[in-house]
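# Topology and contacts: notes
Chain residues, written in single-letter form:
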Amino acid sequence: MDSGRGGATVNNSWSISFREAGWLLLVSLAATAISWSLRGDGLALRADPIAYELELPAPLVDIKTAQVLYEEGEYLFVDTRVRGAGDFDTIPGAFFIRDLSFDDDLLEYFDFMTTQDSFILFGDGDLFSVANIATRMQDRGYQNLLILKGGLAAWQESGGEISRRSGGES
Amino acid sequence: MMGLVILLLRLVVGGVFIYASLDKLAHPQAFAVAISHYHIVPYPLLHLSAHLLPVVELVIGAALILGLAQRGAALIAGTLTVVFMAAITSALIRNLDISCGCFNTDGGHAVGLDLLWRDGILLLMCLAVMLARDPGFGLQRFFRK
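Report on the accompanying structure. (Residues numbered from 1 in each chain as written. Chains lettered and ligands numbered in written order. Predicted model: local features only at pLDDT ≥ 70, side-chain atom pairs only at ≥ 80, totals over all residues. Heavy atoms only, no water.)

## Some remarks on the overall build of chain B
Selection rule: A run of H or I in DSSP becomes a helix once it reaches four residues, and a run of E becomes a strand once it reaches two; helices and strands are each numbered from the N terminus. The globule rule used for comparison is 2.2 Å times the number of residues to the exponent 0.38, while the radius of gyration itself is calculated over C-alpha atoms. In this analysis, two residues are considered to be in contact whenever any of their non-hydrogen atoms come within 4.5 Å of each other. Counted as positive: Lys and Arg. Counted as negative: Asp and Glu, with His and the chain ends omitted from the count. Where a charge lies is defined by one atom per residue type: Lys uses NZ, Arg uses CZ, Asp uses CG and Glu uses CD.
The number of helices and strands found in chain B is five helices and zero strands. Mapped from its N terminus to its C terminus, chain B presents α and β elements in the order α-α-α-α-α. Scaling as 2.2 N^0.38, a compact globule of 145 residues should have a C-alpha radius of gyration of about 15 Å, and chain B matches this with 16 Å. For chain B, the C-alpha atoms occupy an extent of roughly 50 × 25 × 20 Å along the three principal directions. A fraction of 74% describes how many contacts in chain B between residues 6 or more apart in sequence connect residues 24 or more apart. Across chain B, the centroid of the 9 positively charged side chains sits 19 Å from that of the 7 negatively charged ones.

Okay, here's the thing in structure tokens:
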């Protein structure tokens with residue numbers, strides 16, 4: 001009789017556990033949905049395999065999402081391209097952080113950029129060079145980074161805002 | 001006495017899961033990268049996992065500490081622990097030199113046998129809470145008839 005009662009107690013424990021687990025998972029799902037919609041941190045629900053297969057240091061962001069983030073003004077854009085002397089197009093308000101002048105560029109923007117800010121890095125479509133800048137920025141404590149998929153060319157093609165800068169401008 | 005022991009176990013397990021969730025909640029991108037290093041979760045589910053798992057850890061941790069739905073929380077905690085142990089075992093078998101991603105998305109403890117021992121103890125604690133006749137003091141007592 002005792003073992004029967006003990007067996008019933010164990011069975012009861014399992015059924016209570018499953019029922020409560022179900023409720024907790026529902027609560028978690030709801031909390032996740034609310035958290036994801038409120039955060040806007042740029043981590044899309046669907047992962048881009050390219051970013052992970054290439055082991056990029058930061059996630060890729062598609063043009064459409066990047067344009068939304070641009071309109072919201074929460075992200076700073078970073079132009080990583082090597083520039084020549086002449087005029088060039090870039091995303092309005094972009095900072096210039098380049099491989100060869102990395103330390104000087106960071107120093108120049110020291111008063112305008114903090115490690116708490118969020119950045120979208122873009123180049124000319126070459127993911128590796130942008131990834132290199134992203135890695136170096138992460139080493140300096142800048143953790144909230146995204147890489148623009150397709151670079152400036154894709155941004156322009158989709159009708160994104162462009163500003164023209166002169167060669168000497170930073 | 002048993003209730004006190006179970007309460008202690010709940011506080012430990014709950015605390016571990018809440019602590020584990022914090023860095024992952026703060027850095028979902030880095031956590032997604034940590035998950036991807038195991039090469040187990042398919043890409044369509046990768047970011048969803050990175051979003052959902054820390055929230056589940058936080059919710060079950062809070063439930064265990066507060067004493068609400070603690071059996072269910074212990075069941076989920078135990079299941080997650082088994083999943084983590086399977087992932088770590090898989091990484092060890094495939095000789096993957098990766099960080100566990102358990103508590104810290106930036107570097108952190110490398111996968112190893114010691115993690116399996118740790119998780120094994122955690123699993124036993126979860127089972128004890130789930131099957132205990134007296135789950136110890138908790139808020140759930142105030143909702144009982």
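## Brief notes about the pattern of salt bridges
Selection criterion: By definition here, a salt bridge exists when the distance from a side-chain nitrogen of Lys or Arg to a carboxyl oxygen of Asp or Glu is within 4 Å. Relative accessible area decides the class of each residue, using a 1.4 Å probe on protein chains only: under 20% of the type maximum gives buried, over 50% gives exposed, and in between gives partly exposed.
In the structure shown here, the tally under the stated rule is seven salt bridges over all chains. Its salt-bridge partner being Asp105(A), residue Arg98(A) comes within 2.7 Å of it at the nearest N-O pair. For Asp105(A), a relative accessible area of 3% corresponds to the buried category. Asp119(B) serves as the salt-bridge partner of Arg118(B), at 3.3 Å between the closest nitrogen and oxygen.

## Topic: the packing of aromatic side chains
All names here are of chain A. Note the following rule: Any two of the Phe, Tyr and Trp rings considered here, Trp counted by its six-membered ring, make a pair once their centres fall within 6.5 Å; the pair's planes then place it as stacked at under 30 degrees, edge-to-face at over 60, or tilted in between.
Scanning all chains against the criterion turns up nine aromatic pairs over all chains. Measuring from ring centre to ring centre gives 5.5 Å for tyrosine 70 and tryptophan 155, while their planes differ by 80°; the resulting arrangement is edge-to-face. With tyrosine 70 in helix H3 (residues 63–72) and tryptophan 155 in helix H6 (residues 151–157), this pair connects stretches of sequence that are 85 residues apart. Look at tryptophan 155 and you get buried, because its relative accessible area is 0%. Every member of this aromatic cluster is reached through a ring pair, and the members are Tyr70, Phe77 and Trp155.

## What to know about the interface of chain B and chain A
The condition is simple: A quick way to say it: buried area is the sum, across both parts, of accessible area lost when two parts are put together, with a 1.4 Å probe. Polar contacts here mean pairs of N or O atoms no more than 3.5 Å apart (in protein, one a potential hydrogen donor and the other a potential acceptor; neighbouring residues in sequence count only if both atoms are side-chain atoms).
Each side of the interface is counted separately: chain B has 29 residues, and chain A has 31 residues. Of all residues in chain B, Gln29(B), Tyr43(B) and His47(B) give up the largest surface area on contact with chain A, accounting jointly for 26% of the area buried on that side. The interface formed by chain B and chain A holds zero salt bridges in total. Counting across the chain B and chain A interface gives three residue pairs in polar contact (both at pLDDT 80 or more).

## Some points on the environment of Ala131(A)
All names here are of chain A. On the secondary structure map, alanine 131 appears in helix H5 (residues 127–139). C-alpha separation for the pair alanine 131 and proline 57, spaced 74 residues apart in sequence, amounts to 6.2 Å. Apart from residues lying up to four places away in sequence, alanine 131 is in contact with Leu56, Pro57 and Ile147.

## Brief notes about the state of the cysteines
All names here are of chain B. Put simply, the rule is: Cysteine sulfur atoms that pair up within 2.5 Å are treated as a disulfide.
The final tally for this structure, using the stated rule, is one disulfide over all chains. Across the disulfide, cysteine 100 is cross-linked to cysteine 102 (sulfur-sulfur distance 1.5 Å). You can call cysteine 102 buried: its relative accessible area is 17%. Summary of cysteine pairing: cysteine 126 is not part of a disulfide, and the nearest cysteine sulfur, belonging to cysteine 102, is at 14 Å.

## Topic: the environment of Trp155(A)
Residue and element names in this part refer to chain A. With 93 residues separating them along the chain, tryptophan 155 and aspartate 62 place their C-alpha atoms 9.4 Å apart. In contact with tryptophan 155, other than residues within four places in its own chain, are Ile63, Ala66, Gln67, Tyr70, Phe77, Ile91, Leu148, Gly160, Glu161 and Ile162. A polar atom in the side chain of tryptophan 155 sits 2.8 Å from the backbone oxygen of glutamate 161.

## As for the packing of helix H1 (residues 2–26) of chain B against helix H5 (residues 113–131) of chain B
Residues and elements named next belong to chain B. What counts is decided by this rule: Here an axis means a line fitted to C-alpha atoms, over the contact stretch when the element is a helix, while the angle between two N-to-C directions is reported on a 0 to 180 degree scale. Working rule for angles: under 35 degrees goes down as roughly parallel, over 145 as roughly antiparallel, 65 to 115 as roughly perpendicular, anything else as oblique. Definitions for this section: a left-handed crossing has its near helix turned counterclockwise from the far helix by less than a right angle. A right-handed crossing has that turn clockwise. Lys, Arg, Asp and Glu make up the charged group, whereas Ala, Val, Leu, Ile, Met, Phe, Trp, Tyr, Cys and Pro make up the nonpolar group; the residues left over, Gly among them, are polar.
One way to put it is that H1 packs onto H5 with a least axis distance of 9 Å and a crossing angle of 130°. Classified by the angle their axes make, H1 and H5 are oblique. When the axes of H1 and H5 are compared, the crossing they make is left-handed. Between H1 and H5, the residues in contact are Ile6, Leu9, Arg10, Val12, Val13, Val16 and Phe17 and Leu122, Met125, Cys126, Ala128 and Val129, respectively. Here the contact of H1 with H5 is built from residues that sort into 11 nonpolar, no polar and one charged.

## Side note on H5(B)
Which entries qualify depends on this criterion: By this rule the span expected of a helix is its residue count minus one, scaled by 1.5 Å.
In this model, H5(B) (19 residues) spans 27 Å end to end at C-alpha, consistent with the 27 Å of a helix rising 1.5 Å per residue. Listing the buried residues of H5(B) in full gives Leu115(B), Leu116(B), Asp119(B), Gly120(B), Leu122(B), Cys126(B), Val129(B) and Met130(B).

Remember that the coordinates give geometry; whether it matters functionally is a separate question.
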